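Working through the structure, step by step
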Amino acid sequence: MMNFAVFASGRGGNLQAIHKAVKSGKIKARLALVFSDKKDAYALEYATKEGIATLHLNPKEFETRETFDREIVKHLRRAKIDFVVLAGYMRLVSGYFVEQYPDKILNIHPSLLPSFKGMHAIKDAFEYGAKVTGPTVHFVVEQMDEGALILQEPVAVESKDTYETLKLKIHEAEHRIYPKAIDLFVRGKLKIEGRKVIVL
Ligand code: GAR
């Protein structure tokens, strides 16, 4: 069985949805490590409560993005991690990191890429007046929010929606598509052809 790590900087809502899918056997892989760049991330507390190994490293204690990532990779190798799932990990990973896990890093972004890249995608789509938005699961490359798209789920923005209600709907959609995408990946059902991911 493959081992994977989840990287999270915050609440860990996606982490919890993914872990639930692992526990129920929907994802046939071992959630072996939860990593956070933030000491107080609820994701770490959740993982500890659930008996999942955790790791925290403080990026401020490293000279560069790459030296930070090199240290993380040492730990991942030790834990025999086969692939990495970024779930609300609010840092850009280095080229070094991507080279160590080519086509083996997944991310979720809360907009329909390539629209509304960046850190405030839900708010940006809401304020822009988008009528449809929703999350994207994609492979990670060095450039932010650029890798090949795996799954997207449209979420309608209705007149009665506020930023808060929209955020809730997007999070619910995320918790549906991320476990599904990870399951496809684990079962070898995703074939990358240039920008396109073919679901076999
Ligand atoms: C999620 O909405 C995720 O799409 C977003 O952060 C949230 C994390 O929530 N990620 C990004 O914006 C990445 N640029 P969570 O901690 O509850 O999973």
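None of the values given here were measured: they were computed from a predicted structure.

Observations concerning the site of the ligand
- Taken together, Arg11, Gly12, Gly13, Asn14, Gly88, Met90, Ile108, His109, Pro110, Gly118, His171 and Glu174 make up the full set of residues near the ligand.
- Gly13 is positioned such that a nitrogen or oxygen atom in its backbone is 2.7 Å from an oxygen atom of the ligand.
- At the level of elements, α1 (13–23), β5 (105–109) and α6 (163–186) are the ones that each hand at least two residues to the shell around the ligand.
- Among the residues forming the shell around the ligand, the class breakdown is 3 nonpolar, 7 polar and 2 charged.

Digging into the environment of Ile105
- By the secondary structure assignment, Ile105 is in strand β5.
- Ile105 sits in the buried class, given a relative accessible area of 1%.
- Sequence-distant contacts of Ile105, defined by excluding residues within four places in its chain, comprise Val84, Leu86, Phe97, Val98, His138, Phe139 and Val140.

Quick notes on unusual backbone geometry
- Cis geometry is adopted by the peptide bond preceding Pro114, which originates at Leu113 and carries an omega value of 15°.
- Considering the arrangement of structural elements, one finds Pro114 in the loop between β5 and α5 (121–128).
- One non-glycine residue, Phe116, lies in the positive phi region at around 55°.
- Its location among the elements puts Phe116 in the loop between β5 and α5.

Structural notes on the domain arrangement of the chain
- Here the chain is partitioned into domain 1 (1–102) and domain 2 (108–134 + 147–200).
- Relative to domain 2, the C-alpha centre of domain 1 lies at a distance of 20 Å.
- Taking both sides of the interface into account, the surface hidden between domain 1 and domain 2 amounts to around 1100 Å²; carbon and sulfur atoms contribute 69%.
- Between domain 1 and domain 2 we count 0 salt bridges in total.
- Inspection of the region where domain 1 meets domain 2 yields 3 residue pairs in polar contact (both at pLDDT 80 or more).
- Of all the elements in the fold, those that place two or more residues in the side of domain 1 that touches domain 2 are α1 and β4 (83–86).
- Element by element, the count of residues in the side of domain 1 that touches domain 2 is highest for α1, at 5 residues.

Here's the deal with the packing of α1 against α6
- Between α1 and α6, the least distance of the axes is 9 Å, while the angle of their chain directions is 50°. By the angle between their axes, α1 is oblique relative to α6. Here α1 and α6 pass one another in a crossing that is right-handed. Here α1 contributes Gly13, Asn14, Ala17, Ile18 and Ala21 to the contact with α6, which in turn contributes Glu174, His175, Tyr178, Pro179 and Ile182.
- For the contact of α1 with α6, the residue count by class is 6 nonpolar, 3 polar and 1 charged.

A word on the sheet that holds strand β2 (residues 30–36)
- A sheet is described by the order of its strands in space; here 7 strands give the open sequence β3-β2-β1-β4-β5-β7-β8, paired in mixed fashion. Each edge of the open sheet carries a strand with a single partner, namely β3 (54–56) and β8 (149–152). Going from strand to strand, the sheet's axes swing by 20° on average, the running direction of each strand aside.
- Sheet analysis places strand β1 (residues 3–7) next to β4, joined by 4 bridges and oriented parallel. Looking at β4, one finds that Ala5 is bridged to Val84.

Quick notes on the packing of α5 against α6
- Relative orientation of the contacting elements α5 and α6 amounts to 125°, with a least axis distance of 10 Å. Regarding the angle of α5 to α6, the classification is oblique. Here α5 runs over α6; the crossing is right-handed. Across from Ile122, Lys123 and Phe126 in α5, the residues of α6 making contact are Tyr163, Leu166, Lys167, Ile170 and His171.

Criteria and cut-off values
- The numbers attached to residues start from 1 for each chain and follow its sequence in the written order.
- Residues qualify for local features only when their pLDDT is at least 70, as the model is predicted, and side-chain atom pairs are given and counted only at 80 or more; totals for whole chains, interfaces and linings, by contrast, use all residues.
- Just so you know, side-chain values use all the structure's heavy atoms and leave hydrogens and water out.
- Consider each residue's heavy atoms; a residue with any of them within 4 Å of a molecule or strand counts as near.
- We define a polar contact as two N or O atoms separated by no more than 3.5 Å, with the added condition that, inside protein, one atom must be a possible hydrogen donor and the other a possible acceptor, whereas residues neighbouring each other in sequence contribute only through side-chain atom pairs.
- Runs of H or I in DSSP of at least four residues are treated as helices and runs of E of at least two as strands, each being numbered from the N terminus.
- When residues are sorted by character, Ala, Val, Leu, Ile, Met, Phe, Trp, Tyr, Cys and Pro go into the nonpolar class, Asp, Glu, Lys and Arg into the charged class, and all the rest, Gly among them, into the polar class.
- The rule is simple: take the accessible area with a 1.4 Å probe, protein chains only, and divide by the maximum for that residue type; under 20% is buried, over 50% is exposed, in between is partly exposed.
- Here, residues are in contact when the closest pair of their heavy atoms is within 4.5 Å.
- A domain assignment, automatic or from a database, supplies the domain bounds used here.
- Once two parts are put together, the accessible area they lose, assessed with a 1.4 Å probe and summed over both, is termed the buried area.
- A carboxyl oxygen of Asp or Glu within 4 Å of a side-chain nitrogen of Lys or Arg is what we treat as a salt bridge.
- Axis angles are defined between N-to-C directions and span 0 to 180 degrees, where every axis is a line fitted to C-alpha atoms and, for a helix, only to the segment in contact.
- To sort the angles, those under 35 degrees are grouped as roughly parallel, those over 145 as roughly antiparallel, those from 65 to 115 as roughly perpendicular, and the leftovers as oblique.
- Left-handed is the label given to a crossing in which the near helix is rotated counterclockwise from the far helix by less than a right angle, and right-handed is the label when the rotation is clockwise.
- Strand pairing is defined by DSSP finding a minimum of two bridges between the two strands.

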